[in-house]
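# Tertiary structure, described
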Amino acid sequence: MQRFRPAWFLLVALAPVLGGCSRHSGDEPEFPALISDKVCPDLSGSFAMQPDPGSQGGWSNTSYTHSLQAPATVVSLFDSGGYSMTTVFHRDPAEFAAAVERFRSERPAEHARWRQQALSMFDPMRGALKVRRELPFEALTRLGPVPEWGAVGSKGHCRDGWWVEDGDYDTETAMTRDVRGGLLVRFDKTERKMISLWAETGAGIPYAIHTHSRWSRFAPAQVPPFWMPTADKLPPSAAAVASEDPDGWLQRGEDARVTTLRSRARNLMGADSMLLNFKLDGDHVLFTGTLPERAALDRLVAALGQETGVARVQLESTMDMSFGRVRFVIYLYWKR
């Protein structure tokens with residue numbers, strides 16, 4: 001008696017043959033050669049956001065526009081270890097400065113909160129720029145404009161000298177470095193024709209695989225100077241100057257004693273000084289700033305001790321700066 005094998009058995013037997021029917025399309029432009037087709041590339045560097053002439057696509061990550069709220073001019077890549085990538089997008093410094101000025105004039109109340117957060121970042125002892133150099137502007141993003149924005153944790157793997165990140169719907173982004181220091185990027189989209197085995201699940205055997213590639217190159221670029229939030233760069237809004245809080249530190253529902261003492265402390269600091277932080281912090285007031293010399297700090301500590309309501313002035317720490325300047329952290333305790 002002749003036995004007939006099920007059709008699916010024949011398809012499974014033919015799978016290696018059917019699956020081998022694959023082709024590629026999309027010619028690489030005449031870009032510089034990649035450094036290696038064997039070694040996993042070191043992608044760390046900064047590159048222009050605008051692709052070179054002849055490129056077939058722009059930078060694929062557009063999520064940065066939501067948080068950066070502006071076009072980026074330079075992108076930086078950093079190896080986070082384990083084939084993980086950190087990406088940072090940089091704004092043009094002049095464009096960012098103009099955005100801050102518009103923010104200050106058009107939305108003064110929001111600018112005051114943003115400005116306070118920005119100056120707190122610069123606190124030399126406790127600020128974000130001291131404790132977290134990587135992506136330090138994350139908190140500031142929620143309040144207003146930022147000079148740069150980044151994302152951590154793009155996971156990839158190495159293949160034939162490329163760093164490859166899998167996308168959705170059979171897409172891949174592959175990146176490597178070329179011999180002239182540029183970033184080569186290949187965008188792959190794969191389409192599969194299937195012999196269906198189970199209609200309910202969509203499972204089947206591919207009998208034709210077509211991968212279409214698009215190529216781009218991004219030239220090495222100089223990263224903009226790191227933006228440091230200082231009082232000179234961040235003048236208060238006109239409304240704040242006209243109020244009793246010219247430094248823009250006033251907080252809703254704040255203890256009146258803090259408001260009054262902040263104004264007095266600012267006057268006691270004198271010329272060529274910078275108030276960085278002045279706020280209630282547990283059982284004391286945290287006061288940080290910079291002064292032109294040590295003698296000015298001694299005078300400030302002595303004068304604060306004479307203020308009404310102040311029980312104790314504790315000079316917590318100091319840091320010497322260039323040209324004889326000094327940064328300080330002071331704790332102020334109230335009288336009971």
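Report follows, based on the coordinates. (Residues numbered from 1 in each chain as written. Predicted model: local features only at pLDDT ≥ 70, side-chain atom pairs only at ≥ 80, totals over all residues. Heavy atoms only, no water.)

## Focus: the packing of aromatic side chains
Taken as a whole and assessed by the stated rule, the structure comprises nine aromatic pairs. Summarising the aromatic geometry, the rings of Phe287 and Phe328 are spaced 5.1 Å apart at their centres and angled 85° between planes, so their arrangement reads as edge-to-face. Of this pair, Phe287 sits in strand β12 (residues 284-291) while Phe328 sits in strand β14 (residues 326-334), and the two are 41 residues apart along the sequence. Here Phe287 and Phe328 have matching classes, each one buried. Among the aromatic residues, those joined into a ring-pair cluster are Phe96, Phe103, Trp114, Phe137, Phe226 and Trp227. Sitting over the ring of Trp334, Arg257 keeps its end group 4.4 Å from the ring centre. (Phe/Tyr/Trp six-rings, centres within 6.5 Å; stacked < 30°, edge-to-face > 60°. Helix = DSSP H or I, 4+ residues; strand = E, 2+ residues; numbered from the N terminus. Buried < 20%, exposed > 50% of the residue type's maximum accessible area, 1.4 Å probe, protein only. Lys NZ or Arg CZ within 6 Å of the ring centre and 35° of its normal.)

## Here we look at helix α4 (residues 108-121)
Compared with the 20 Å implied by 1.5 Å per residue over 14 residues, the 20 Å span of α4 between its first and last C-alpha is a close match. Among the residues of α4, those classed as buried are His111, Trp114, Arg115, Gln116, Ala118, Leu119, Ser120 and Met121. (Expected span 1.5 Å × (residues − 1).)

## A look at the packing of helix α8 (residues 256-269) against helix α9 (residues 294-304)
Contact pair α8 / α9: the axes reach a minimum separation of 10 Å and the direction vectors enclose 145°. In terms of crossing hand, the pair formed by α8 and α9 is right-handed. Where α8 approaches α9, its residues Ala265, Leu268 and Met269 are matched on the opposing element by Leu300, Ala303 and Leu304. Tallied by class, the residues present in the contact of α8 with α9 amount to six nonpolar, no polar and no charged. (Axes fitted to C-alpha atoms, helices over the stretch in contact; angles between N-to-C directions. Left-handed = near helix turned anticlockwise from the far one by under 90°. Contact = heavy atoms within 4.5 Å. Nonpolar A, V, L, I, M, F, W, Y, C, P; charged D, E, K, R; others polar.)

## Comments concerning the pattern of salt bridges
Enumeration over the complete set of coordinates arrives at twelve salt bridges. With a closest N to O distance of 2.6 Å, Asp178 and Arg217 form a salt bridge. Within this pair, whereas Asp178 is found in the loop between β8 (171-177) and β9 (183-198), its partner Arg217 is found in strand β10 (residues 203-218), the two being separated by 39 residues in sequence. Side by side, Asp178 and Arg217 carry an identical accessibility label, which is buried. Here Arg264 and Glu307 are joined by a salt bridge, their closest N and O atoms 2.9 Å apart. (Salt bridge = Lys/Arg side-chain N within 4 Å of Asp/Glu carboxyl O.)

Such coordinate-based values are descriptive only and should not be taken to indicate function.
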